[in-house]
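# Descriptive structure summary
Chain by chain, the residues run as shown.
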Amino acid sequence: MTNPLYDRLFGKYAGAETPFLILPDERVITHDAFLRMAARFANGITAMGLVAGDRLAVQVGKSPEALAVFAACAQTGVIFLPLNTAYTGAEIAYFVENSGAKLLLCDTKKQADLAPVAAANSARLETLNGDGSGSFTEFCAALPEAFATVSRSADDLAAFLYTSGTTGRSKGAMLTQMNLLDNAEVLAKHWRFTAEDVLLHQLPIFHTHGLFVATNVCLVAGCAMRFYAGFDAEALIRDIPKATALMGVPTFYTRLLDDARFTKELTKGMRLFISGSAPLLAETHVQFEERTGHRILERYGMTETNMNTSNPYEGERRAGTVGFPLPGVELKVCDPQTGEALPQGEIGVIEVRGPNVFKGYWQMPEKTREELREDGFFITGDLGRIDEDGYVTIVGRNKDLIISGGYNIYPKEIELLLDEAEGVLESAVIGVPHPDFGESPVGILVAKAGAVLDADAILKGLNDSLARFKQPKALVVVPELPRNTMGKVQKNILRETYKAMFA
Ligand code: MCA
Ligand code: AMP
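Our subject in this report is the structure included herewith. The structure displayed is predicted, hence computed values, not measured ones.

Right, let's talk about the overall build of the chain for a bit. Looking only at helices and strands, one finds 15 helices and 25 strands in the chain. Computed over C-alpha atoms, the radius of gyration of the chain comes to 23 Å, within 12% of the 23 Å expected from 2.2 N^0.38 for 503 residues, which places it in the range of a compact globule. Once the C-alpha set of the chain is aligned to its principal axes, its extents read approximately 70 × 55 × 50 Å. Within the chain, contacts between residues separated by at least 24 positions form 66% of all contacts whose residues are at least 6 apart in sequence. Working note: accessible area of the chain is about 20200 Å², and carbon and sulfur atoms make up 53% of it. Taking the average place of the 49 positive charges on the side chains of the chain and the average place of its 62 negative ones, the gap between the two points comes to 1 Å.

Now for the site of ligand 1. Around ligand 1 there are 24 residues in total, and Arg255, Ser277, Arg299, Ser404 and Arg468 lie nearest to it. Measuring from an oxygen atom of ligand 1, one finds a side-chain N or O atom of serine 277 at 2.6 Å. Measuring from a nitrogen atom of ligand 1, one finds a backbone N or O atom of glycine 406 at 2.9 Å. Here ligand 1, which alone exposes 1000 Å², has 72% of that area covered by the protein. Taken together, the elements giving at least two residues each to the shell around ligand 1 come down to α8 (208–221), α10 (250–257) and β13 (297–302).

Here the focus is the side chain of lysine 62. Mapped onto the elements, lysine 62 comes out in the loop between β3 (55–59) and α3 (64–76). Looking at lysine 62, its side chain comes within polar contact range of the side chain of histidine 201, at 2.8 Å. In this structure the side chain of lysine 62 is engaged in a polar contact, spanning 2.8 Å, whose partner is the backbone oxygen of tyrosine 228. In this view, lysine 62 contacts Gly130, His201, Gln202, Leu203, Pro204, Ile205, Phe227, Tyr228 and Ala229; residues no more than four positions away in its chain are not counted.

Turning to the packing of helix α7 (residues 177–190) against α8, a few remarks are in order. It is at 8 Å that the axes of α7 and α8 come closest, and there the two elements cross at 70°. Taken together, the axis directions place α7 and α8 in an arrangement best described as roughly perpendicular. Contacts from Leu180, Ala184, Glu185, Leu187 and Ala188 in α7 reach Phe212, Val213, Asn216, Val217 and Val220 in α8. Grouping the constituent residues of the contact of α7 with α8 by class yields 8 nonpolar, 1 polar and 1 charged.

Procedures and definitions
- Residues numbered from 1 in each chain as written.
- Chains lettered and ligands numbered in written order.
- Predicted model: local features only at pLDDT ≥ 70, side-chain atom pairs only at ≥ 80, totals over all residues.
- Heavy atoms only, no water.
- Helix = DSSP H or I, 4+ residues; strand = E, 2+ residues; numbered from the N terminus.
- Rg over C-alpha atoms; globule rule 2.2 N^0.38 Å.
- Contact = heavy atoms within 4.5 Å.
- Areas by Shrake-Rupley, 256 points an atom, 1.4 Å probe, with all protein chains shown as cover.
- Lys, Arg positive; Asp, Glu negative; His and termini not counted.
- Charge placed at Lys NZ, Arg CZ, Asp CG, Glu CD.
- Near = heavy atom within 4 Å.
- Polar contact = N/O pair within 3.5 Å; in protein donor to acceptor, adjacent residues only side chain to side chain.
- Axes fitted to C-alpha atoms, helices over the stretch in contact; angles between N-to-C directions.
- Parallel < 35°, antiparallel > 145°, perpendicular 65-115°, else oblique.
- Nonpolar A, V, L, I, M, F, W, Y, C, P; charged D, E, K, R; others polar.

Next up, the structure:
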């Protein structure tokens, strides 16, 4: 009986009294203690009637318990479906319904809101709070600390991660055990992670970056993570001397650079700073090196593909580039119209193929066909170029996407809601450069004849349907939207007009 994901990430630590999670109060959870908690949860999930292949949706604060639910899913073969804690009840309703989740875990504060969602979808609802308390942990408290791992193959599904689309509807990216394992093993080796490392973990664990990159790399390497509820610059400054590596989105690095205590002396014991999920400005890269003597290592990935490229560990980490395709990953730059590979140096859509590439979108065969070619190449929608030395640079996006502080925001989803607001004739949402988040959404509105728009009321009206981080940071009313001869809104003109709005 084998289960590659469980065996290679978790099972190998049975009995290991080595530190896995170090909490802000210095409490240590060893690998073995973590495994025993995960086994209790695996017994709990099974007792609740879930079997391999069922989906377990979690919208819970970051905690060791939340991470142990992931391990329990691996051990039972249940598909793990983590959800951003910022999502509203309306957003969660879609994910639960679309995935057919059998069990939903949420914070006690969200229980009343989500009870009707669970009931409507015949899903069981249990609570798990950021401090580890809740009905789920109570249910599992007295269960055995051993669980007979369910047999799975590398091609079986391990997780669903929902990613928004240009049509405004989220798609469940189906990730197999192999997708996760292969990528984690490649990255751990590529970035030279060993059991001696201590990673500062301040990313959320409901997205690829914090879960499949940061956590899985540490599990492959056997190292410890200093594990925090979220980004906390004070805690970073305090704990950097006790760590060797940090993974973050560019906002982490710009915020650290804003703190005068972040110096060469403070970071002298650090081995590696990794950035991804959004473009790191070349300027941030340079400032970072001037301040600390470290060159940030930038890498590039997607929910559907895990990590595709990385700057080298040894060798030049080139500012403004995302480095080379990772071992096992094929990457080409293609003509967006024909799909033909372009000559080196030309700009086109990046396509990737490899063991890292997902299986398709859950119950959306047409969407899968549009983005995943029959020959296995995935069309990323990112525009890139490969230079004469082989470094890949992301120059833009062929998809209407805004990345704010590492979170993806699809304008269409916001536009559909704005268009329904009182007095609005039509809208366009654009990404505008933002000093903290990199980009922020701004809504451009056209009023119906005779209507006077109340921007505050319109923004408030989004609260029930749209997570706060997706909400426009500003609304602007214009007489009409710029359009080309085909009638398509020219967002490039709007982006140019409002580019200095947050400068
Ligand atoms: C929080 N807020 C935001 C964002 N985060 N607004 C816009 N964009 C954001 N990213 C808003 C909240 O709604 C709230 O608004 C206010 O900021 C304070 O919230 P708080 O949670 O305290 O913010 P924070 O702790 O300062 O968080 C900022 C952050 C966080 C550290 C940048 O967003 C973060 O951890 N981002 C990482 C995202 C990530 O892991 N992405 C990986 C995706 P109000 O006060 O108005 O209510 S995986 C991926 O992209 C691929 C695969 C890859 O390559 O990795
Ligand atoms: P997600 O859908 O959350 O997985 O986000 C994936 C997208 O994030 C990619 O398609 C890119 O547009 C973007 N991304 C990730 N890493 C980088 C990076 N290092 N530089 C530029 N964009 C990035």
